[in-house]
Amino acid sequence: MSNKQPYCIAPSILSADFARLGEEVKAVEAAGAGFIHFDVMDNHYVPNLTVGPLVCKAIRPHVKIPIDVHLMVSPVDSLINDFAKAGADYITFHPEASSHIDRSLQLVRDLGCKSGLVFNPSTSLDHLDWVMDKVDMILLMSVNPGFGGQAFIPSTLEKTKAARARIDAHIAKGGQPIRLEVDGGIKPDNIAAVAAAGADTFVAGSAVFGAPDANGKSYNDIFAKFSKALA
Ligand code: DX5
Ligand code: ZN
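Residues numbered from 1 in each chain as written. Chains lettered and ligands numbered in written order. Predicted model: local features only at pLDDT ≥ 70, side-chain atom pairs only at ≥ 80, totals over all residues. Heavy atoms only, no water.

Q: Which residues make up the packing of helix H3 (residues 77-85) against helix H4 (residues 101-110), and what values do they have?
A: For the pair H3 and H4, interaxial distance at closest approach is 10 Å and the crossing angle is 15°. Relative to H4, the element H3 lies roughly parallel. Crossing geometry of H3 relative to H4 is assigned as right-handed. Across the interface between the two elements, Asp 77, Ile 80 and Asn 81 of H3 pack against Ser 104, Leu 107 and Val 108 of H4. Classifying every residue of the contact of H3 with H4 gives three nonpolar, two polar and one charged. (Axes fitted to C-alpha atoms, helices over the stretch in contact; angles between N-to-C directions. Helix = DSSP H or I, 4+ residues; strand = E, 2+ residues; numbered from the N terminus. Parallel < 35°, antiparallel > 145°, perpendicular 65-115°, else oblique. Left-handed = near helix turned anticlockwise from the far one by under 90°. Contact = heavy atoms within 4.5 Å. Nonpolar A, V, L, I, M, F, W, Y, C, P; charged D, E, K, R; others polar.)

Q: A description of the coordination of the zinc ion (ligand 2) should follow, citing residues and the corresponding values.
A: At the metal site, the zinc ion (ligand 2) is ligated by His 37 (NE2), Asp 39 (OD), His 70 (ND1) and Asp 183 (OD), and these contacts range over 2.1 to 2.3 Å. Read in sequence order, the donor residues for the zinc ion (ligand 2) give the motif H-x1-D-x30-H-x112-D. Here His 37 is found in strand E2 (residues 36-41), whereas its partner Asp 183 is found in strand E7 (residues 179-183), with 146 residues between them in sequence. Overall, Asp 183 belongs to the buried group, its relative accessible area being 6%. (Donors = N, O, S within 2.8 Å, 3.2 Å for Na, K, Ca; no water. Buried < 20%, exposed > 50% of the residue type's maximum accessible area, 1.4 Å probe, protein only.)

Q: Would you mind going over the site of ligand 1 in detail, with residue names and values included?
A: Close to ligand 1 lie 20 residues; Asp 39, Gly 146, Asp 183, Gly 205 and Ser 206 are nearest. Gly 149 is positioned with one of its backbone polar atoms (N or O) 2.8 Å from an oxygen atom of ligand 1. Here an oxygen atom of ligand 1 and a backbone polar atom of Gly 205 are 2.7 Å apart. Considering ligand 1 on its own, with 380 Å² of exposed area, one finds that the protein chains cover 100% of that surface. More than half of the atoms belonging to ligand 1 lie within 2 Å of the grid points that define the largest cavity. Of all the elements in the fold, those that place two or more residues in the shell around ligand 1 are E2, strand E3 (67-72) and strand E8 (201-204). At three residues, E2 tops the list of elements feeding residues into the shell around ligand 1. For the shell around ligand 1, the per-class residue count stands at eight nonpolar, 10 polar and two charged. (Near = heavy atom within 4 Å. Polar contact = N/O pair within 3.5 Å; in protein donor to acceptor, adjacent residues only side chain to side chain. Areas by Shrake-Rupley, 256 points an atom, 1.4 Å probe, with all protein chains shown as cover. 1 Å grid on protein atoms, 1.4 Å probe; cavity = no way out; pocket = protein on both sides within 12 Å on 5 of 7 lines; lining within 4 Å. Sits in = over half its atoms within 2 Å of the grid points.)

Q: Any details on the side chain of Asp 39? Residues and values, ideally.
A: Tracing the chain through its elements places Asp 39 in strand E2. Despite its burial, Asp 39 remains without a salt bridge, the nearest opposite charge being carried by Lys 187 at 12 Å. A polar atom in the side chain of Asp 39 sits 3.1 Å from the side chain of His 70. Apart from residues no more than four positions distant in its own chain, Asp 39 is found in contact with Ser 12, Ile 13, Leu 14, Thr 50, His 70, Met 72 and Asp 183. (Lys, Arg positive; Asp, Glu negative; His and termini not counted. Salt bridge = Lys/Arg side-chain N within 4 Å of Asp/Glu carboxyl O.)

Q: I'd like a rundown of the sheet that holds E2, residues and numbers included.
A: Pairing within the open sheet is parallel, and its eight strands lie in the order E1-E8-E7-E6-E5-E4-E3-E2. Of all strands in the sheet, those with a lone pairing partner are strand E1 (8-11) and E2, marking the two edges. Here the strands of the sheet are splayed against their neighbours by 25° on average, with no regard to which way each runs. Those strands touched by H3 are E2, E3 and strand E4 (90-93), and its axis lies near 160° from that of E4. (Pairing = 2+ DSSP bridges.)

Q: Break down the environment of Asp 200 for me, citing the residues and quoting the values.
A: By the secondary structure assignment, Asp 200 is in the loop between helix H6 (191-196) and E8. What Asp 200 contacts, discounting residues up to four positions off in sequence, is Lys 4, Gln 5, Pro 6, Tyr 7, Cys 8, Arg 164, Ile 178, Arg 179 and Leu 180.

Q: Before we move on, could you go through the packing of aromatic side chains and cite the residues and values that matter?
A: Any aromatic ring pair is given by two values, namely how distant the centres are and how the planes are angled relative to each other. Under the criterion given, the structure shown has four aromatic pairs. Centroid distance Phe 35 to Tyr 90: 5.0 Å. Interplanar angle 50°. Geometry classified as tilted. Linking Phe 35 in the loop between helix H1 (21-31) and E2 with Tyr 90 in strand E4, this pair joins segments that are 55 residues apart in sequence. Per residue, the accessibility class of Phe 35 equals that of Tyr 90, and both read buried. Taken together, a centroid distance of 5.4 Å and an interplanar angle of 75° make the contact between Phe 209 and Tyr 219 edge-to-face. Taken together, the residues span a long stretch of sequence, with Phe 209 in helix H7 (residues 206-209) and Tyr 219 in the loop between H7 and helix H8 (220-230) at a distance of 10 residues. Taken individually, Phe 209 and Tyr 219 each receive the classification buried, so the pair is uniform in this respect. (Phe/Tyr/Trp six-rings, centres within 6.5 Å; stacked < 30°, edge-to-face > 60°.)

Q: Which residues make up the nonpolar core, and what values do they have?
A: Counting 67 residues, the largest nonpolar core has Phe 38, Val 69, Ile 91 and Ile 138 as the members making the most contacts within it. Once you skip the residues sitting within four places of it in the chain, Ile 138 turns out to touch Leu 117, Phe 119, Leu 128, Met 132, Ile 167, Ile 178, Arg 179, Leu 180 and Glu 181. In terms of nonpolar packing, the next biggest core, distinct from the first, is built from six residues, Ala 10, Tyr 90, Met 137 and Val 203 among them. (Core = buried A, V, L, I, M, F, W, Y, C linked by side-chain atoms within 4.5 Å.)

Encoded structure:
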């Protein structure tokens, strides 16, 4: 029996028009986004640099949906604090980026946010073995982190099934609900396979903000395509 959470599309701001970011997050919320996926890169843990807590604080008042902060940074603890204060709802980080995974997960929760671990394509799910009670989200990277617009890595489907099995076993023992999010190269033509493998939360950056019919104001068409594919 699968314990999926309600399906949710989480547009990644990485592909948004940063000159109009407030309008962009409002537009994807209006079109049906369930989360705003906020990619934080430090040009240390990943070879790219994006935005910090100030920008999270700036968009916070413009959307009601959760802000799902994906930390591609190392170390993580000081930025966990800063993003919690800036209005993040979920804060996820890579196990390789923290010297004390359990403590960093606890810090996210102590600050009132939902916590999660992010798994690169080659990172084992074994990091979950002793912290399943401390995660509210498991995020599987279906691309190598650092950039939008990359191709979906097919081995993620098997990994998604394995993560789903871990979540279902955890819940069968009375554990808390856990969202299973997949991030990278998600399109209307592959999202159904990712859902069938057990995911319930889908990050989409270039598919949303780069959609040919997206006129930068309405994203209804791309969300309709995703909804149809998930029906
Ligand atoms: C990559 C980021 C992803 C990326 C997704 O490091 O974590 O969230 O922005 O972008 P697309 O959907 O274009 O692959
Ligand atoms: Zn991401």
